[in-house]
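# Architecture at a glance
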Amino acid sequence: MLTMLALLVLAPMAGLLHLSALPGYEALDLRFWENAYLRRVVFFSLWQALLSTLLSVLPAILVARAFAMLPDLPLRRLLLGLFALPLVVPAVVVVMAVVSVYGSDGWLPIGRSLYGINGILLAHVFFNLPLAVRLLLPQWQAVPQHHWQLGEQLGMNAWQRFRFIEWPLLRESLPGVLLLIFMLCLTSFAVVLTLGGGPRSTTVEVAIYQSLRFDFDPARAVLLALLQLGLCMLVAMLTLKLQRMPEVEIAISTPYRRREDLSRWFNLGLILMATLYVGMPLLSLLIDALDGPLGQALGDLRLWQALVNTLSIGLSAALLSVTAGWFLLQYSASLAREGRARAAKLVDLAGSTVYVVPPLVIGTGMFVLLSPHVDVFSWVYPIVIAVNALMGLPFVIRCLGPAMRQNHARYHRLCLGLALHGWNRFRYVEWPSLRRPLGLAIALVAVLAMGDLGVIALFGSTHSTTLALMIYQQLGAYLVAQATVTAVLLLLLCLGVFALLERCIGGRPDA
Amino acid sequence: MLKIEGLEFSYPSEPASRMHFDLTVEAGEVLSLIGPSGSGKSTLLSLIAGFLPASAGDIFADDEPLHNLPVAERPVSVVFQQHNLFPHLDLYTNVALGIDPSLRLAPNQIESVREALARLGLESMQRRKPGELSGGQRQRVALARVLVRRRKILLLDEAFAALGPAMRAELIELVKTLVREHSMTALLVSHQPGDASIASARTAFICEGRVAALAATAQLFAQSEPPQLRDYLGSK
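Below: a short report on this structure. Keep in mind that what you see is a predicted model, and the values were worked out from it rather than measured. (Residues numbered from 1 in each chain as written. Chains lettered and ligands numbered in written order. Predicted model: local features only at pLDDT ≥ 70, side-chain atom pairs only at ≥ 80, totals over all residues. Heavy atoms only, no water.)

## Structural notes on the overall build of chain A
The condition that has to hold: Going along the chain from the N terminus, every DSSP run of H or I of four or more residues is numbered as a helix, and every run of E of two or more is numbered as a strand. Burial here depends on accessible area, computed with a 1.4 Å probe over protein chains only, as a share of the maximum for the residue type. Under 20% is buried, over 50% is exposed, and the range in between is partly exposed. The contact criterion used is simple: two residues touch if any of their non-hydrogen atoms lie within 4.5 Å.
Secondary structure assignment for chain A yields 21 helices and 0 strands. For chain A, the residues scored as buried account for 54% of the 511 residues in total. Contacts in chain A between residues far apart in sequence, at least 24 positions, make up 81% of those at least 6 positions apart.

## Here's the deal with the side chain of Q160(A)
Along the chain, Q160(A) turns up in helix α8 (residues 158-186). For Q160(A), a relative accessible area of 8% translates into the label buried. Apart from the residues lying within four places of it in its own chain, the contact partners of Q160(A) are G155(A), I165(A), P101(B) and S102(B).

## Examining the packing of aromatic side chains
Selection criterion: The pairing test for Phe, Tyr and Trp rings, Trp by its six-membered ring, is centres within 6.5 Å, and the orientation test on the planes gives stacked under 30 degrees, edge-to-face over 60, and tilted for anything in between.
Under the definition given, this model contains 13 aromatic pairs over all chains. A centroid spacing of 4.8 Å and a plane angle of 85 degrees characterise the contact between F9(B) and Y11(B), whose relative ring orientation is edge-to-face. For Y11(B), a relative accessible area of 30% corresponds to the partly exposed category. Three or more aromatic residues link up through ring pairs in this structure, and these residues are W326(A), W423(A), F426(A) and W431(A).

## Observations regarding helix α3 (residues 107-119) of chain B
Residue and element names in this part refer to chain B. Cut-off, in case you're wondering: The span expected for a helix works out to 1.5 Å for each residue beyond the first. Comment: arc refers to directions from the helix axis out to C-beta atoms.
The first and last C-alpha atoms of α3 sit 18 Å apart over 13 residues, in line with the 18 Å expected at 1.5 Å per residue. What α3 keeps buried is the set S112, V113, A116 and L117. Projected onto a plane normal to the axis of α3, the buried residues spread over an arc of 135 degrees and lie on a single side. The exposed set on the far side of α3, more than 90 degrees from its buried face, consists of P107 and N108. Tucked into the core, α3 has its buried residues touching α2 (91-96) and α4 (135-149). Backbone geometry just after α3 places G121 at a positive phi near 75 degrees.

## Quick look at the environment of L448(A)
All names here are of chain A. Inspection of the secondary structure assignment puts L448 in helix α18 (residues 422-450). For L448, a relative accessible area of 33% puts it in the partly exposed group. Ignoring any residue separated from it by four or fewer positions in sequence, one finds L448 in contact with L87, N388 and F395.

## Describing a nonpolar patch on the surface
All names here are of chain A. What counts here: Residues with no salt bridge and a relative accessible area higher than 30% make up the patches, which join like charges within 9 Å and nonpolar side chains (Val, Leu, Ile, Met, Phe, Trp, Tyr) within 5 Å. Where accessible areas are quoted, they stem from the Shrake-Rupley method and a 1.4 Å probe; at the residue level, only the protein chains shown are allowed to cover. In the sections that follow, a salt bridge refers to a side-chain nitrogen of Lys or Arg positioned within 4 Å of a carboxyl oxygen of Asp or Glu.
On the surface, a cluster of nonpolar side chains totalling about 500 Å² of accessible area is made up of F43, W47, L50, L54 and L58. Relative to the assigned elements, F43 resides in helix α2 (residues 36-69). Residue F43 is classed as exposed on the basis of its relative accessible area, which comes to 54%.

## As for the interface of chain A and chain B
Condition: Computed with a 1.4 Å rolling probe, the buried area is the accessible surface lost when two parts are put together, summed over both parts. We define a polar contact as two N or O atoms separated by no more than 3.5 Å, with the added condition that, inside protein, one atom must be a possible hydrogen donor and the other a possible acceptor, whereas residues neighbouring each other in sequence contribute only through side-chain atom pairs. Basically, the charged four are Asp, Glu, Lys and Arg, the nonpolar ten are Ala, Val, Leu, Ile, Met, Phe, Trp, Tyr, Cys and Pro, and anything else, Gly included, counts as polar.
At the junction of the two partners, chain A supplies 17 residues and chain B supplies 24 residues. For the pairing of chain A and chain B, the buried interface totals around 1,900 Å² over both sides, and the portion due to carbon and sulfur atoms is 63%. At the surface where chain A touches chain B, the tally comes to 0 salt bridges. Remark: the boundary between chain A and chain B carries 3 residue pairs in polar contact (both at pLDDT 80 or more). For the side of chain A that touches chain B, the elements supplying multiple residues, two or more each, are α7 (145-153) and α8 of chain A. Classifying every residue of the side of chain A that touches chain B by side-chain character gives 7 nonpolar, 6 polar and 4 charged.

## As for the nonpolar core
Defined as follows: Remark: nonpolar core denotes a set of buried residues (Ala, Val, Leu, Ile, Met, Phe, Trp, Tyr, Cys) joined through side-chain atoms within 4.5 Å.
If you look at the biggest cluster of nonpolar residues, it comprises 194 residues, and the most contacted ones within it are F67(A), L33(B) and L187(B). Top contributing element to this core by residue count: helix α17 (residues 380-417) of chain A, with 15 residues. Ignoring anything within four residues of it in the chain, the contact list for F67(A) reads L73(A), R76(A), L79(A), L80(A), F83(A), V133(A), L137(A) and I271(A). Grouped together as the second largest cluster of nonpolar side chains are 37 residues, L85(B), M125(B), L154(B) and A186(B) included.

## Quick word on the side chain of S188(A)
Following the sequence through the fold, S188(A) ends up in the loop between α8 and α9 (190-195). Apart from the residues within four sequence positions on either side, S188(A) is in contact with H124(A), T203(A) and E205(A).

## A few points about the pairing of strand β10 (residues 210-216) of chain B
Residues and elements named next belong to chain B. Operational definition: By the convention used here, strands pair only if DSSP detects at least 2 bridges between them.
Two strands pair when backbone bridges link them, and strand β9 (residues 202-207) and β10 are joined in this way by 6 bridges, in the antiparallel orientation. The residue of β10 that forms the bridge with I206 is V211. What sits between the antiparallel neighbours β9 and β10 is a turn of 2 residues, in which E208 has the positive phi angle 50 degrees.

## A closer look at unusual backbone geometry
The bulk of non-glycine residues show a negative phi, and the bulk of peptide bonds are trans. Residues and elements named next belong to chain B. We note that D63 has phi near 70 degrees; this positive angle belongs to a residue other than glycine. Summarising the element assignment, D63 is placed in the loop between β4 (56-61) and β5 (64-65). Residue class for D63 comes out exposed when judged on its relative accessible area of 60%. The residue H83 is not glycine, and still its phi comes out positive at about 60 degrees. Secondary-structure assignment places H83 in the loop between β6 (76-79) and α2. Look at H83 and you get partly exposed, because its relative accessible area is 36%.

Laid out in structure tokens, this is it:
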């Protein structure tokens, strides 16, 4: 399994390198710093990622704190559920939602300056502020009840409470959260592709796409891929070093009851603003879709074909990803059993850090490797499925890993003693405790694959398209109204598939 | 002196099980509270400290009403079973917070922190963090903070439950000495009847949200009423 993983990741890179060495292609030149275009692209990648991170995480600290200070807030669970939505909303749908609010015909138009760094930041904050809130909120919930009581008794004011009680816990997880969001923004593709607006706002990821799709310069694509890989590896290593990453939960438990007086309205205001920021674009998109050419759009057979393709890719990628993740984790568990803890950790790491390799590069590399042997365009969907399955692996490991390790620690010896293995072990021992994280993993990977624009943008066409690609194509043809309808359809499909898979596989939350 | 009159409280999730407390504890006394889990012992302490709002009744400390005061203004110090100290702060700072949470201390206040730590045998460990101490030492630091706060009422909520018998006895004796020296009024919640025997001349048995029995400690342990007391002590 590890070998296959390495092959899937490294072979495409090798394929691109080989292609760039062929006559007719520009040779690979690693001295990127001497190229003004590459320097600009790298600088912009880092700059927009840094700005996006700061604009997402700093307000998220205040919003998470506001939620923690208002445990009795009405509709609290609903609001926190809303903050989970961006996890499952496809990037290209978010783009449409952002345009819907901040575009020239939107509720808060910012005109042409939407396309460029402004639009990119708006979309990134939409994704990452709620994520940061959900990652940081548990830190307040980890504060022992007695510390809050002590703080009250000692007469601490709000600043002193933050300094002595809240900040010590927050500072442990903050670097990990910052780095995670920085990485997500650095590798962002669909948002930058659609809202970037031009060469001035090109990141490394988009530049790879442009090199392959428009310039067909594999050498430049490889160089950019290596740059991206280098940047991502650096961030990944920093993250591991500072690792105290809180798990992303779907269910947030009820926090300790504190009494907060004067700042109650301030906290309410913060939560309201954050809710509007997240909810307004989606609401606006829905309204625009209902106002748009619904009949015409829904009567287009290509839309339904794209829907079927989207669903097939999503479900297939999820199944493949979860199967691969399962075997990887089983292998990691067996290594740990043999006392090879370091090797076990490396295996987990391999699965978790595969996302540092740009999916575009993997997809194109596969294309290059396979094209001498098969009709590659008839292999578009398998390639897209394979790449998305690979990209979903870190989520599978994050969801399933802890539960599997716990299950293994608790029951492995008992199963050995009872000679319980294979299907029976899975059915009676593993399935009951693993079905919830399994359901979450499958649902997450499915919607991520369904909403992906990366690899399909390289190879797709009007004949072989998904809903995400269709939105991009409609935007490119200035069919904004149709794109809005398609975006809402994709959104509803993702939400429906997520809820269905999580419930059907994961079971009821209180079961 | 601590006086509790008709103090009432019920948890929102259990409105039917209303608690009702009447109690008087003299200055210089350590009153032990024993009873089964969930009987309301810790709830009573939380009501006195102000962590929970009573629905009715009064609390007086030396005839001064407490029940309408915010937590910080009540003359109360609490020592919990754990989480009494902030783990990222050294011992000196943990104790100094008891004087002023802004940590801007006058020279005499700085000296009183040092004296309190010395009184509890911790003067050489001022710069250590709580994680470097044993459980008993951590509870001593909490008591040092109680000393510098100079509050009239001391509440100990299973403060010594995690310690071994010898350490428990030592710290209970220390509490008795501090309470006597500073004319404090103390309530000690414990699951160990032995702690009550060491700590208190009087012990209250809390059951189903009420003071079901209150007597001299030895007498309480010998009596057979109420039946819940008998069941709790496991006596025949």
